[in-house]
Each structure stands twice: as C-alpha cells, then as structure tokens.
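Results of the structural survey
Residue strings, one per chain:
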Amino acid sequence: MEGEILKGHLDMIVLAALSARPAHGYAVIEEIRRRSAGAFDLPEGTVYPVLHRLEQAGLLSGRWVTADSGRRRRVYEVTRRGRRELAEQRAVWRQFSDAIGGLFRPRRNPA
Amino acid sequence: VIPEYLEKLAGELAFDPSLSRRVRQEVEDHLWEAVSAEPAGEGLDAQRRAIARFGDARVIAAQLAVGSLAKQARRLAIAAVLLIAGVFVVMWARFSWYALMQWPALDSTGALGPVVVSVERSAFWVALFVGVAGWIYIDSRGIPAALSREYRRQLRRFAALCMAAAGALIVSVASDGVLTALRLAGTGWSVQSLLPVFSMGVEIACAGLMISYMRGLARTTWRLRGSGGQ
C-alpha cells in the first residue's frame, strides 16, 4: 500500500495494533503486518516516532522491562485516553469507509 | 553492523541525551529480535537485512527529533510562566520586607521613583500576560509527525511570544533594580539590605534562566534545520 496514504493514519494503526495487549516496538510492527495481511509493510523504524509521539500525547504509556534475551525493552500500553481516541477514530473511519464504499459501488441502471 | 547503525542513530540524536539513550536501547532490542527471527541465522547478512527493513537512521532520527523539539517548546512555555511567577513572589517578599523594616515609601525618593514603579508594573504584567499566552498557544498545538512548514511557523510565533515576554521581564527586573537601588540609597547600607540585594539576584537569575531556555530551543531548532523528518 502507498506509504503516503499510510502516513496519515499511522497513529490510528499503531493504537489499533496495541489495543489488544501491551507490546514493544517489534511486536507492534509484527501485529500490524499480521492484521493487515502484509498490506501495511512500512519501514520498521517509522513505528518508533509514532510510539513516542502517542506516549507524549498521553494516549500510550510505556514501561521498561527486561526481555528473556537480557536486553531492556520498552513495552507500550494504550491508556484510557488512548482507548477513547481510538473509539472516536474508529467511528470516523467507519463513516468515511461507508461513504467511500457508497461512491465506489457500481450503480444499478434504473429499469 | 548493528552497533554501527545504533551509533549513527544515537549520534543524530545527541542533542537530547536521554532520547538518544532511550532510542538506542529500543532499536537495539528491535534489530536483534529481527535478526533472531531470520531463518538464515544471525550472520552479517541477516543484520544488514534487519537494518534495511528498519529504515534510514537519519530519516528516523529526524522524525524522533521533532517530538523532542515539541517537548522542549512545551517545557520552555511552562518554565517561562513559572519564572515570571517566581519574579512576582520575590518582588512580593521584598515589599513585605520593606513594610516589616518600615523603610520610607518611594514617594520620598524624588520624581524618578513613581515613574519607574509604573514602568516596572506595566512591564511585569505584559511579561505575565504574554508568557501565559505563549504557553496556551504552544500547548494547544498538536505534536507534529514531522518538522513541517506549518510547525516551523507555529514555533516562530511561539518564539516571538517568548521573546516579548522575556523582553518585558528584563525591563521589569531592570526597573526593580533601579527601585531597589533608590530604596537602599534612601536608607543607607545595613545588614537588612542583604535581603533586597539577594532578591534582586534571584530576579536576575530568573530572567537569565528564561533566556537560557530560549537559547536551548533555538539551538535545537537550528540543528534540525533541513531535516524535514518526512
């Protein structure tokens, strides 16, 4: 999918990917890939500016944990505010999607 | 290969050491996890592929830096208001001290006193009003995804408000300095004079800190020039 189209929706995509359970950056990318069936194949690094921005905005909270590998990793979780924002974005997206769907649906010729 | 990449990424964010450390740790974990997920193993090729999938260090650093810049601008806004409030508290403490010591009012120090008092008060209220306006302005802007033209424009407006507030605060502090000197000249030097002198020192430090924070923001913005982070 076109990168430019994705960029405008990255915040919502990352919030949605994290809505099921807390995860670290790599797992977020994997989740996005899995749930979009590979359609959203972004440069993996682009997820970090989004995670930082959402945390700064209070939509995500982050905490450091030690992974099995012994490396430190930051795990992100959607906050209550983040869930509200995601619900709003979802409603807007559904409305938009229905409207576009209506426009793209082939018109039946009046009999 | 991965350590070199991390070094480059951290170097790009060196202006914000805590962000640089955090990004290095997060990305290090990410890249090694990506390498270990490769069926081919952990060889150099696997590391190169993980880095290629991650993206250009400079582009990612630029996107991260914008968030740091936004945070710095918000911190400056809060610091400016707190420093202006600090000057107010110090002024109030000094006036209370004058009342306690029963020092003569400024009317007895000649025509200069009342003029400086009105300049000092007006400048202070201008500083406070403009400082709060700057805070509200920058706080109501979203955190941008990139250092866009629009965000640069917003930063310029915020910087103008900060400069106006700092300028008014400097005038207020300088006027305070004149008033304190007039008071001390009228009462003569004594141990009781130490508190007004100390309070002036605090006021000057507040104004100096505000300018120092502004310089910090200007330096970061200058470093990020040309990096759109798009």
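Our subject is the structure listed above.
Right, let's walk through the structure included here. (Residues numbered from 1 in each chain as written. Chains lettered and ligands numbered in written order. Predicted model: local features only at pLDDT ≥ 70, side-chain atom pairs only at ≥ 80, totals over all residues. Heavy atoms only, no water.)

1. Concerning the nonpolar core
Ranked by internal contacts, the top residues of the largest apolar core, which has 78 residues, are Val14(A), Leu18(A), Tyr5(B), Leu31(B) and Phe158(B). Here this core gets 16 residues from one element, more than from any other, and that element is helix H4 (residues 57-101) of chain B. Leaving out residues up to four positions away in the same chain, Leu18(A) has contacts with Ala23(A), Val28(A), Leu51(A), Leu60(A), Tyr76(A) and Val78(A). (Core = buried A, V, L, I, M, F, W, Y, C linked by side-chain atoms within 4.5 Å. Buried < 20%, exposed > 50% of the residue type's maximum accessible area, 1.4 Å probe, protein only. Helix = DSSP H or I, 4+ residues; strand = E, 2+ residues; numbered from the N terminus. Contact = heavy atoms within 4.5 Å.)

2. Focus on the packing of helix H5 (residues 112-139) of chain B against helix H6 (residues 149-187) of chain B
Residue and element names in this part refer to chain B. Look at H5 against H6: their axes get within 7 Å of each other, and the N-to-C directions meet at 155 degrees. On the basis of the axis angle, H5 is roughly antiparallel to H6. Where H5 crosses over H6, the two elements pack in a sense that is left-handed. A breakdown of the residues in the contact of H5 with H6 according to their chemical character gives 23 nonpolar, 6 polar and 3 charged. (Axes fitted to C-alpha atoms, helices over the stretch in contact; angles between N-to-C directions. Parallel < 35°, antiparallel > 145°, perpendicular 65-115°, else oblique. Left-handed = near helix turned anticlockwise from the far one by under 90°. Nonpolar A, V, L, I, M, F, W, Y, C, P; charged D, E, K, R; others polar.)

3. A few points about the interface of chain B and chain A
At the interface, 25 residues of chain B touch 23 residues of chain A. Note on chain B versus chain A: buried area summed over both sides is about 2,200 Å², and carbon and sulfur give 56% of it. Contact with chain A buries surface across chain B, with Arg22(B), Glu26(B) and His30(B) losing the most and accounting together for 27% of the total. Linking chain B with chain A are 5 salt bridges, by the criterion used here. In this structure, the salt-bridge partner of Arg73(A) is Glu33(B), at a minimum N-O distance of 2.8 Å. Here chain B is connected to chain A by 13 residue pairs in polar contact (both at pLDDT 80 or more). When contributions to the side of chain B that touches chain A are tallied by element, the ones reaching two or more residues are helix H2 (17-36), helix H3 (44-54) and H4 of chain B. Here the side of chain B that touches chain A takes 11 residues from H2(B), the largest share from any one element. For the side of chain B that touches chain A, the per-class residue count stands at 12 nonpolar, 6 polar and 7 charged. (Buried area = accessible area lost by both parts, 1.4 Å probe. Salt bridge = Lys/Arg side-chain N within 4 Å of Asp/Glu carboxyl O. Polar contact = N/O pair within 3.5 Å; in protein donor to acceptor, adjacent residues only side chain to side chain.)

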